[in-house]
Amino acid sequence: MKRLEGKTAIVTGAADGIGFAISRAMAAEGAQVFMGDIDDDKGRAAAASLAAAGGKATYRHCDVAVEQDIADLVAAAAETGHLDILVNNAAIAIGGMPLHEMTDAQWHRLIAVNLTSVFRGIKYALPHMLRQNSGSVISMASAQGHIGLDGWTAYAGAKGAVMSMMRQLAVEFGPHNIRFNSISPGTINTPMNEKVVADLGPQVGRAWVKMHPLGRIGKPEEVAEAAVYLASDAAGFTTGTDLKVDGGLTAAPRYVPEFFVE
Ligand SMILES: NC(=O)c1ccc[n+]([C@@H]2O[C@H](COP(=O)([O-])OP(=O)(O)OC[C@H]3O[C@@H](n4cnc5c(N)ncnc54)[C@H](O)[C@@H]3O)[C@@H](O)[C@H]2O)c1
């Protein structure tokens, strides 16, 4: 028996990176996956590749900074008759600068995409989950919500907020059998990080490897496996938690600025 057979799932930021890996893993486990993203060409190709592999996957344009797009994605998924899994995954990385150099526009953009989107996704999904008295919401946090790194205060602030929201919601909606958890990845090999390395330089990539006690950065599939678990009935008694998939990054105080010097 597949672990998510018969379940309807929404994944945002699903065209690439961790969101695509989660979509692929959930489709392989039998879920019908509604994939939202702003990169429509990549999103359509991603959904088609999952369908070609025998999965049930539908792509729909969804800019998570646009309320109506989220409402429409949720409505499309709910047309299956139920909504079992919501993965709030889409986010952007704006950082690598001291806070006083961040503009107001950068701050508001980051909060809109990384935090307001989570509020809206849950707001629109909850009525369906309440009606069926079940659901699993997974929001992507980050190791950066647990530890301090130079230059990423706004991103870390949004991720910390995501984690506390999941805890609050777990308490509030536990009696309705709706579970809320977050995942905190360490550094994962995705386009988001390729861009950070391109912007800030290759020494950042080398430092990332040294920062993780396991001696490497992670794979999107390793985060996807955590999401499948949290979405599945096997995690039926797990709510209000944050699951770290971080190669030990937050367990060891290895981050020191000297790593950037080598
Ligand atoms: N990669 C990492 O090391 C890492 C570490 C910790 C947490 N995370 C978190 O994991 C999640 C996925 O990260 P990733 O590395 O796969 O990112 P990514 O940038 O590689 O991919 C993100 C996807 O989201 C899409 N996207 C961007 N803006 C969007 C918007 N406004 N609406 C909808 N889709 C949008 C992109 O088109 C892309 O397909 C994010 O929440 C990120 O903060 C990533």
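Whatever comes next refers back to the structure up there.
Remember, predicted model here, so these are calculated numbers, not experimental data.

Here the focus is helix α3 (residues 67-78). Side chains that are three or four residues apart share a direction in an α-helix, a result of its 3.6 residues per turn. The terminal C-alpha atoms of α3, which comprises 12 residues, lie 17 Å apart, in line with the 16 Å expected from a rise of 1.5 Å per residue. Among all positions of α3, only Asp69, Ile70, Ala71, Leu73, Val74, Ala76, Ala77 and Ala78 are buried. Elements that come into contact with the buried residues of α3 comprise β1 (8-12), β2 (32-37), β3 (56-61) and α4 (104-132).

By the secondary structure assignment, Ile18 is in helix α1 (residues 17-28). The class of Ile18 is buried, set by a relative accessible area of 14%. Along the chain, Ile18 and Pro220 lie 202 residues apart, while their C-alpha atoms are 4.8 Å from each other. Sequence-distant contacts of Ile18, defined by excluding residues within four places in its chain, comprise Asn89, Met140, Pro185, Ile188, Thr190, Pro220 and Val223.

Right, let's talk about the packing of helix α6 (residues 191-200) against helix α7 (residues 202-211) for a bit. With their axes 6 Å apart at the nearest point, α6 and α7 run at an angle of 130° to one another. As judged from the angle between their axes, α6 and α7 are oblique. When α6 is examined against α7, the residues Asn193, Val196, Val197 and Leu200 are found in contact with a partner set consisting of Pro202, Gln203, Val204, Gly205 and Trp208. Split by residue class, the contact of α6 with α7 holds 6 nonpolar, 3 polar and no charged.

Moving on, we get to the site of the ligand. Surveying the vicinity of the ligand reveals 28 residues, the closest of which are Asp37, Asn89, Tyr155, Thr190 and Asn193. At 2.6 Å from an oxygen atom of the ligand is found a side-chain nitrogen or oxygen belonging to Asp37. Here Cys62 contributes a backbone N or O atom positioned 3.5 Å from a nitrogen atom of the ligand. In the complex, the protein chains occlude 92% of the 830 Å² of accessible area that the ligand would expose alone. For the shell around the ligand, the secondary-structure elements that each account for two or more residues are α1, α5 (153-173) and α6. Of all the elements, α6 adds the most residues to the shell around the ligand, at 3 residues. Class assignment for the residues of the shell around the ligand results in 16 nonpolar, 8 polar and 4 charged.

Procedures and definitions
- Residues numbered from 1 in each chain as written.
- Predicted model: local features only at pLDDT ≥ 70, side-chain atom pairs only at ≥ 80, totals over all residues.
- Heavy atoms only, no water.
- Helix = DSSP H or I, 4+ residues; strand = E, 2+ residues; numbered from the N terminus.
- Expected span 1.5 Å × (residues − 1).
- Buried < 20%, exposed > 50% of the residue type's maximum accessible area, 1.4 Å probe, protein only.
- Contact = heavy atoms within 4.5 Å.
- Axes fitted to C-alpha atoms, helices over the stretch in contact; angles between N-to-C directions.
- Parallel < 35°, antiparallel > 145°, perpendicular 65-115°, else oblique.
- Nonpolar A, V, L, I, M, F, W, Y, C, P; charged D, E, K, R; others polar.
- Near = heavy atom within 4 Å.
- Polar contact = N/O pair within 3.5 Å; in protein donor to acceptor, adjacent residues only side chain to side chain.
- Areas by Shrake-Rupley, 256 points an atom, 1.4 Å probe, with all protein chains shown as cover.

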